[in-house]
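# Observations on the model geometry
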Amino acid sequence: MMPIGPLMIEHRLIERVMPLIEAELGRMAEVKRLDIAFVATIADFFRTYAEALHFGKEEGILFPTLGKKDLFPDHRRIMDELISEHAIARREVAQMIEGKDSYAQGNAAALDDVSVAMRGIVGLYPAHQQKEDKTFFFPAMGYLSKDEQDRMLQEFWEFDRRVLHDKYKKIVEDLRNWPGPGLAV
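As the structure is a computational prediction, the values presented were derived from the model and not from experiment. (Residues numbered from 1 in each chain as written. Predicted model: local features only at pLDDT ≥ 70, side-chain atom pairs only at ≥ 80, totals over all residues. Heavy atoms only, no water.)

## A short note on the pattern of salt bridges
With the rule as written, the count across this model stands at 15 salt bridges. Residue Arg 77 is joined to Asp 74 by a salt bridge in which the shortest nitrogen-to-oxygen separation is 2.4 Å. With Arg 77 and Asp 74 both in helix H3 (residues 73-104) and three residues apart, the pair spans about one turn of that helix. Where salt bridges share partners, they join Asp 74, Arg 77, Glu 81, Glu 85 and Lys 131 into one cluster. (Salt bridge = Lys/Arg side-chain N within 4 Å of Asp/Glu carboxyl O. Helix = DSSP H or I, 4+ residues; strand = E, 2+ residues; numbered from the N terminus.)

## Side note on the packing of aromatic side chains
By convention here, two paired aromatic rings are described through the distance between centres and the angle between planes. According to the stated counting rule, one finds six aromatic pairs in the structure shown. Taken together, a centroid distance of 6.0 Å and an interplanar angle of 75° make the contact between Phe 63 and Phe 136 edge-to-face. A residue pair is termed long-range when its members are at least 10 positions apart, and Phe 63 in helix H2 (residues 36-67) and Phe 136 in helix H4 (residues 110-141) qualify at 73 residues. On the basis of relative accessibility, which here comes to 4%, the residue Phe 63 falls in the buried class. Overall, Phe 136 belongs to the buried group, its relative accessible area being 1%. Three or more aromatic residues link up through ring pairs in this structure, and these residues are Phe 45, Phe 46, Tyr 49, Phe 55 and Tyr 125. Over the ring of Phe 156 we find Lys 57; its NZ or CZ atom is 5.9 Å from the centre of that ring. (Phe/Tyr/Trp six-rings, centres within 6.5 Å; stacked < 30°, edge-to-face > 60°. Buried < 20%, exposed > 50% of the residue type's maximum accessible area, 1.4 Å probe, protein only. Lys NZ or Arg CZ within 6 Å of the ring centre and 35° of its normal.)

## Looking at the packing of helix H1 (residues 4-31) against H2
With their axes 11 Å apart at the nearest point, H1 and H2 run at an angle of 155° to one another. Classified by the interaxial angle, the pair formed by H1 and H2 is roughly antiparallel. By crossing handedness, the relation of H1 to H2 is classed as left-handed. For the pair H1 and H2, the contacting residues are Leu 7, Glu 10, His 11, Leu 13, Ile 14, Val 17, Met 18, Leu 20, Ile 21 and Glu 24 in the first and Phe 38, Ile 42, Phe 45, Phe 46, Tyr 49, Ala 50, Leu 53, His 54, Lys 57, Glu 58 and Leu 62 in the second. A breakdown of the residues in the contact of H1 with H2 according to their chemical character gives 15 nonpolar, two polar and four charged. (Axes fitted to C-alpha atoms, helices over the stretch in contact; angles between N-to-C directions. Parallel < 35°, antiparallel > 145°, perpendicular 65-115°, else oblique. Left-handed = near helix turned anticlockwise from the far one by under 90°. Contact = heavy atoms within 4.5 Å. Nonpolar A, V, L, I, M, F, W, Y, C, P; charged D, E, K, R; others polar.)

## Overview of the nonpolar core
In terms of nonpolar packing, the biggest core is built from 39 residues, with Ile 21, Phe 45, Phe 46, Met 96, Met 118 and Tyr 125 touching the most fellow members. The set of elements that each furnish at least two residues to this core consists of H1, H2, H3, H4 and helix H6 (165-176). Here the element with the most residues in this core is H2; it accounts for ten residues. Core analysis: the next-biggest nonpolar cluster, separate from the first, contains 20 residues, Ile 4, Leu 62, Leu 82 and Met 152 among them. (Core = buried A, V, L, I, M, F, W, Y, C linked by side-chain atoms within 4.5 Å.)

Structure follows, in structure tokens:
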């Protein structure tokens, strides 16, 4: 297996969250209320699974290794874009959390802040993941020898031991059966 295999598997789990967020956005627009527990759960998923685990492997292992290589300018540009998009994703999640906390303290107008952040997440992640999967990952592997790929894959496994994959798979399954109407997609 190439090191991009686990990254692409993680993309598939993150993709499963997008329709759940879209359904919650629809519910929020209809009832004009925020399900604080749903947003807290989504925020935890993104902070831990997407940011710490997934981005952690990319930014802590893959990108630094590739950064030492003589990348074609187009590949270096794409890698820089991906890193920039990670920062945007983190800001959207932070905005969602800030909005949720403000809403929980009685600021009903923060519902709009949460909605904007959730729309930002849904707008960013699919295109970002497609860019990685279709444009960057496979060419990037061409810069690494088989031994380098094997070492990187081992680093990924060691990195993953620090994050609980199963916890976040369960969270996604639980969200699929969330008590709100229309969330079981």
